[in-house]
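Observations on the three-dimensional arrangement
Now for the letters of each chain:
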Amino acid sequence: EVQLVESGGGLVQPGGSLRLSCAASGFTFSSYEMNWVRQAPGKGLEWVSYISSSGSTIYYADSVKGRFTISRDNAKNSLYLQMNSLRAEDTAVYYCARDGYDPQLFDYWGQGTLVTVSS
Amino acid sequence: DIQMTQSPSSLSASVGDRVTITCRASQGISNSLAWYQQKPGKAPKLLLYAASRLESGVPSRFSGSGSGTDYTLTISSLQPEDFATYYCQQYYSTPLITFGGGTKVEIK
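Residues numbered from 1 in each chain as written. Chains lettered and ligands numbered in written order. Predicted model: local features only at pLDDT ≥ 70, side-chain atom pairs only at ≥ 80, totals over all residues. Heavy atoms only, no water.

On to the overall build of chain B. Across its full length, chain B holds zero helices and eleven strands. Secondary structure elements of chain B occur, N-terminal to C-terminal, as β-β-β-β-β-β-β-β-β-β-β. Burial status across chain B gives 48% buried among its 108 residues. Partitioning the contacts of chain B with sequence separation of at least 6, the portion at a separation of at least 24 is 56%. Per element, the accessible surface of chain B, about 4,900 Å² overall, is 44% carbon and sulfur. Between the centroid of the 9 positive side chains of chain B and the centroid of its 7 negative side chains there is a distance of 3 Å. (Helix = DSSP H or I, 4+ residues; strand = E, 2+ residues; numbered from the N terminus. Buried < 20%, exposed > 50% of the residue type's maximum accessible area, 1.4 Å probe, protein only. Contact = heavy atoms within 4.5 Å. Areas by Shrake-Rupley, 256 points an atom, 1.4 Å probe, with all protein chains shown as cover. Lys, Arg positive; Asp, Glu negative; His and termini not counted. Charge placed at Lys NZ, Arg CZ, Asp CG, Glu CD.)

Right, here's the structure in full:
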């Protein structure tokens, strides 16, 4: 069974940093591209970042470029999102999501981890 | 970026009703369209992809259609477990994929 389990969310002050993790199991993690998608409270879905299976190709949404860094450790079956210079508008539930049949078609999602940026 | 406009933003329906949700892209997306269902406090779940292909395990009362810029999700006979928010997503212009604003399906 495919499982994606996020962790690392919490309350952080504006300008602070946080590192999210996503532990994958039930599939060959190193063969799949991965993404982070976020959802602000009561709002819709916003794609945040993509990383290829090897980690060699990375993309970011303009809203987080230069502040967030996506990475992965295929030996540990883990995906990460380092978030720096956090702003109030980064407050959201962050989901890790696996690419499915096509690039950036998300067939499995984690349960999400809540990041709250507030003083 | 390709903008995805969903309508309506919410609707009220009864069990057994036929429900239709539309999604319009700001440019053609060649059927690179997915539909997700999200229940409160849960992650989105993939329902359909390539505009009309049903994901494994999804009930056949869900169907999708469309082409070019206009797409539709239809629930043929609404069931109690279908009350949720539905999102469309274009994956034509990777990596800058975008979602629609969502349609909340509520009980009448």
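Right, let's get into the overall build of chain A. Check the secondary structure of chain A and you find zero helices and eleven strands. Element order for chain A, N to C, with α for helix and β for strand: β-β-β-β-β-β-β-β-β-β-β. Within chain A, contacts between residues at least 6 apart in sequence are counted, and of these 53% link residues at least 24 apart. Only carbon and sulfur atoms are counted for the fraction: they give 45% of the accessible area of chain A, which is about 5,200 Å².

Bringing the sheet that holds strand β7 (residues 68-73) of chain A into the picture now. Residues and elements named next belong to chain A. Sheet architecture is open: four strands sit in the order β1-β3-β8-β7, paired in antiparallel fashion. Where the open sheet ends on each side, the last strands, each with one partner, are β1 (3-7) and β7. With strand direction ignored, the average angle separating the axes of adjacent strands in the sheet is 15°. Bridge count for strand β3 (residues 18-25) against strand β8 (residues 78-83) is six bridges, and the pairing is antiparallel. Considered in β8, the bridge of Arg19 is made with Gln82. (Pairing = 2+ DSSP bridges. Axes fitted to C-alpha atoms, helices over the stretch in contact; angles between N-to-C directions.)

All names here are of chain A. Most of strand β4 (residues 34-39) is tucked away, with six of its six residues classed as buried. Of the two faces of β4, the one lined by Met34, Trp36 and Arg38 and the one lined by Asn35, Val37 and Gln39 are each fully buried. By the bridge criterion, six bridges tie β4 to strand β5 (residues 45-51) in an arrangement that is antiparallel. Its bridge partner being in β5, Val37 is matched across the sheet by Trp47.

Taken together, the contact pairs 17 residues of chain B with 18 residues of chain A. Approximately 1,600 Å² of surface area, both sides summed, lies buried where chain B meets chain A, with 65% of it carried by carbon and sulfur atoms. At the surface where chain B touches chain A, the tally comes to zero salt bridges. The interface formed by chain B and chain A holds eight residue pairs in polar contact (both at pLDDT 80 or more) in total. Where the side of chain B that touches chain A is concerned, the elements lending two or more residues are β4 (33-38), β5 (45-49) and β9 (85-90) of chain B. When grouped by side-chain class, the residues that make up the side of chain B that touches chain A number twelve nonpolar, three polar and two charged. (Buried area = accessible area lost by both parts, 1.4 Å probe. Salt bridge = Lys/Arg side-chain N within 4 Å of Asp/Glu carboxyl O. Polar contact = N/O pair within 3.5 Å; in protein donor to acceptor, adjacent residues only side chain to side chain. Nonpolar A, V, L, I, M, F, W, Y, C, P; charged D, E, K, R; others polar.)

Looking now at the pattern of salt bridges. Overall, the coordinates contain nine salt bridges over all chains when judged by the stated rule. One salt bridge connects Lys104 of chain B with Glu106 of chain B, and the closest N-O pair in it is separated by 3.7 Å. Overall, Lys104 of chain B belongs to the partly exposed group, its relative accessible area being 43%. A single network of salt bridges, built from pairs that share partners, joins Arg38, Glu46, Arg67 and Asp90 of chain A.

The next subject is the sheet that holds strand β1 (residues 4-7) of chain B. All names here are of chain B. In space, the four strands of this open sheet follow the order β1-β3-β8-β7, with antiparallel pairing throughout. Of all strands in the sheet, those bounded by a partner on one side alone are β1 and β7 (62-67). In this sheet, adjacent strand axes meet at a mean angle of 20° when their direction is disregarded. As judged from the four bridges shared by β1 and strand β3 (residues 19-25), these two strands associate in the antiparallel manner. Paired with Gln6 across the two strands is Cys23, which belongs to β3.

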